[in-house]
Amino acid sequence: MALGILAIAFPVLGLEQRFGTAGLGIMGVILTFLANPLSGLATGPQWLPAFWGQLGQFLPIGAAGTAIRSAVYFGGAGATQAWIVLAGWTLAGLALALIVSRKKAATTAA
């Protein structure tokens, strides 16, 4: 659950630091209008058309739902891809936030 929250929070933080309020809007649109419907949380990604169900599993909400569903019902079996996706989103968001904050610190110090 925590990794799912981090996979959402760090990209939001990184885009907000990079683009300001527009970054919040970008991530809000991606998560609300793209990731949430394609996640398959209510029924499972298998009930969505093949391409859209797979795409949803590469977004943080879909991967978090798959990881939780796998842990609760199947003892964690089949959640490897979900963990990798969540770790990727977390690391990418953290890297973006760190890079932007260092650039801002370097420009204010100079």
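Here, the structure is the one placed above.
Remember, it's a predicted structure, so these values are computed and weren't measured experimentally.

Sorry if this is basic, but what is going on with the side chain of serine 70 here?
As for its position among the elements, serine 70 is in helix H4 (residues 60-74). Assessed through its relative accessible area of 6%, serine 70 is described here as buried. Not counting residues within four places of it along the chain, the set of residues in contact with serine 70 comprises Gly75, Gly76, Ala77, Gly78 and Ala79.

Would you take a moment to explain the environment of valine 85 for this structure?
Relative to the elements of secondary structure, valine 85 occurs in helix H5 (residues 80-109). With a relative accessible area of 9%, valine 85 lands in the buried category. If near-sequence neighbours (up to four positions away) are discounted, valine 85 is found in contact with Gln57, Phe58, Leu59 and Ala63.

Quick notes on the rules
Residues numbered from 1 in each chain as written. Predicted model: local features only at pLDDT ≥ 70, side-chain atom pairs only at ≥ 80, totals over all residues. Heavy atoms only, no water. Helix = DSSP H or I, 4+ residues; strand = E, 2+ residues; numbered from the N terminus. Buried < 20%, exposed > 50% of the residue type's maximum accessible area, 1.4 Å probe, protein only. Contact = heavy atoms within 4.5 Å.

What is shown is where atoms sit, not what they do.
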